[in-house]
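An overview of the molecular structure
Next come the chains, spelled out residue by residue.
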Amino acid sequence: MDRNATRPIGVFDSGVGGLTVLDELLARLPSEDFIYFGDTHWFPYGDRSADDLRSRADAIAAWLLSQDVKMIVVACNTATAAALAHLQTHVDEPVIGVMTAESHAAVQSSRTRRIGLLATEATVASGSYQRMIAAHDAGARVTAVPCPRLAPAIQSGDPFDQSVVDMVREYTQPLRDADVDTVILGCTHYPMVERLIRRHVPPDAALISSGVEIAREIAGTLERQGLLAHGGEGNYRFACSGDPTAFRTIGSRFLQMPFGEVEQVDPGAAPTP
Ligand code: DGL
């Protein structure tokens, strides 16, 4: 096996949301090693400017590369919308983001061509999903709903109460009004409340999330580039920029595998808090 194939894969998000992507990657690529970074000190990303998001992405990518990663996975829709193209032009290793695969999957799944999108304010405002969907089907109608309070409610780690139910009911109202048949969960935090979202979208609507789609794409890229690790059981470790104990407590509620120690690192220049 190529020596490069045994290097780890770096995965990052603003917080615990990217664990929904890591979960899929751990299941699908059991021989790979992973380093997951949650930028919890700078959470949430959803209301940050594109400039701030690019500077965080640069700093995190530099730290991951210092850990000798062979690939970087941007497991955050907001960071993908603002910084994926920027990272790809600066980083030599493959950088893969969410969004493209889900957009394609949504167009393939929709019969009525009425597609709903739930995402952060920054992601909706970037228009990235709308453009990607239009590239596959220019006639598809996208109902995009910014959900500014949802990722913070999920990340707060409190048991979900009636306020989260009310929030989900409110954010999904435009999707019921538009009678969409496919809904993109356009933020990696949202699969953590998938059951709740399912209760409030039109019956039988297909829910498309990043984890499954991106895991497929990453496996294909590693294979084609001869970077796939074979044989043996890979390992995974965690780092975050905020409080490691809080990250571990919330993260271990969502990851369906044991959660080890969490290292605290705060890479690079900080944006305005
Ligand atoms: N999990 C992130 C995303 O996929 C961002 C949530 C946030 O930091 O606002 O968009």
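The text that follows walks through the structure, step by step, so that each part is easy to find.

Calculation rules
- Residues numbered from 1 in each chain as written.
- Predicted model: local features only at pLDDT ≥ 70, side-chain atom pairs only at ≥ 80, totals over all residues.
- Heavy atoms only, no water.
- Helix = DSSP H or I, 4+ residues; strand = E, 2+ residues; numbered from the N terminus.
- Rg over C-alpha atoms; globule rule 2.2 N^0.38 Å.
- Contact = heavy atoms within 4.5 Å.
- Areas by Shrake-Rupley, 256 points an atom, 1.4 Å probe, with all protein chains shown as cover.
- Lys, Arg positive; Asp, Glu negative; His and termini not counted.
- Charge placed at Lys NZ, Arg CZ, Asp CG, Glu CD.
- Pairing = 2+ DSSP bridges.
- Axes fitted to C-alpha atoms, helices over the stretch in contact; angles between N-to-C directions.
- Near = heavy atom within 4 Å.
- Polar contact = N/O pair within 3.5 Å; in protein donor to acceptor, adjacent residues only side chain to side chain.
- Buried < 20%, exposed > 50% of the residue type's maximum accessible area, 1.4 Å probe, protein only.
- 1 Å grid on protein atoms, 1.4 Å probe; cavity = no way out; pocket = protein on both sides within 12 Å on 5 of 7 lines; lining within 4 Å.
- Points joined across faces, edges and corners; volume = space filled by probe spheres on them.
- Phe/Tyr/Trp six-rings, centres within 6.5 Å; stacked < 30°, edge-to-face > 60°.
- Salt bridge = Lys/Arg side-chain N within 4 Å of Asp/Glu carboxyl O.

In this section: the overall build of the protein. Within the protein, the regular secondary structure consists of eleven helices and ten strands. The C-alpha radius of gyration of the protein comes to 18 Å, within 12% of the 19 Å expected for a compact globule of 273 residues. Seen through its C-alpha atoms, the protein measures out along the principal axes to roughly 50 × 40 × 35 Å. The long-range fraction of contacts in the protein, counting pairs at least 24 apart against all pairs at least 6 apart in sequence, stands at 77%. Accessible surface for the protein amounts to roughly 11,600 Å². Of this, 49% is attributable to carbon and sulfur atoms. One way to put it: in the protein the 23 positive side-chain charges average out to a point 6 Å from where the 34 negative ones average out.

Let us look at the sheet that holds strand 7 (residues 182-185). In spatial order, the strands read 6-5-7-8; together these four strands make up an open sheet with parallel pairing. The sheet is open, and its two borders are formed by strand 6 (141-146) and strand 8 (206-209), each paired with just one other strand. The mean angle between the axes of side-by-side strands here comes to 20°, regardless of whether they run parallel or antiparallel. With six bridges connecting them, strand 5 (residues 114-119) and strand 6 associate as parallel partners. When the sheet's bridge partners are listed, Ala119 is paired in strand 6 with Pro146. Packing against the sheet, helix 4 (residues 100-109) makes contact with strand 5, strand 7 and strand 8, and its axis sits at approximately 165° to strand 8. On the sheet, helix 8 (residues 162-178) packs against strand 5, strand 6 and strand 7 and is oriented at approximately 165° with respect to strand 6.

On to the site of the ligand. Near the ligand, the surroundings consist of 14 residues, among which Ser14, Tyr45, Asn77, Thr78 and His189 are the closest. In the model, an oxygen atom of the ligand is placed 2.7 Å from a nitrogen or oxygen of the Ser14 side chain. The backbone of Thr188 places a nitrogen or oxygen atom 2.8 Å from an oxygen atom of the ligand. Summarising the interface, the protein chains cover 99% of the accessible area of the ligand, which totals 300 Å² for the free molecule.

Excluding glycine, most residues fall at negative phi; most peptide bonds, likewise, are trans. Across the junction of Phe43 and Pro44, the peptide omega takes the value -5°, indicating a cis bond. In this structure, Pro44 sits in the loop between strand 2 (34-38) and helix 2 (50-66). One non-glycine residue, Asp68, lies in positive phi territory at about 65°. Turning to its location among the elements, Asp68 is positioned in the loop between helix 2 and strand 3 (71-74). On the basis of relative accessible area, Asp68 is assigned to the partly exposed category, the value being 35%.

What follows deals with the layout of surface pockets. Computed from the structure, the largest pocket encloses a volume of approximately 410 Å³. In terms of lining residues, the largest pocket is bounded by 18 residues, among which Thr20, Asp23, Glu24, Pro191 and Gln256 are the most central. In terms of residue count, the dominant contributor to the lining of the largest pocket is helix 1 (residues 19-28) (five residues). In this structure, the second largest pocket spans a volume of roughly 180 Å³.

Right, let's talk about the packing of aromatic side chains for a bit. Summed over the entire model, instances satisfying the criterion amount to seven aromatic pairs. Each ring, one from Tyr236 and one from Phe238, has its centre 5.9 Å from the other, and the planes form 75°; the classification is edge-to-face. Judged by its relative accessible area of 24%, Tyr236 is partly exposed. Connected via pairs of aromatic rings, a cluster forms that spans Tyr36, Tyr236, Phe238, Phe247 and Phe259.

Checked against the element boundaries, Asp13 lands in strand 1 (residues 9-13). One buried charge, Asp13, has no salt-bridge partner; the nearest side chain with opposite charge is Arg48, at 12 Å. Only 3.1 Å separates the side chain of Asp13 from the backbone nitrogen of Gly15, close enough to count as a polar contact. Not counting residues within four places of it along the chain, the set of residues in contact with Asp13 comprises Gly18, Tyr36, Phe37, Gly38, Asp39, Ala75, Cys76, Thr188 and His189.

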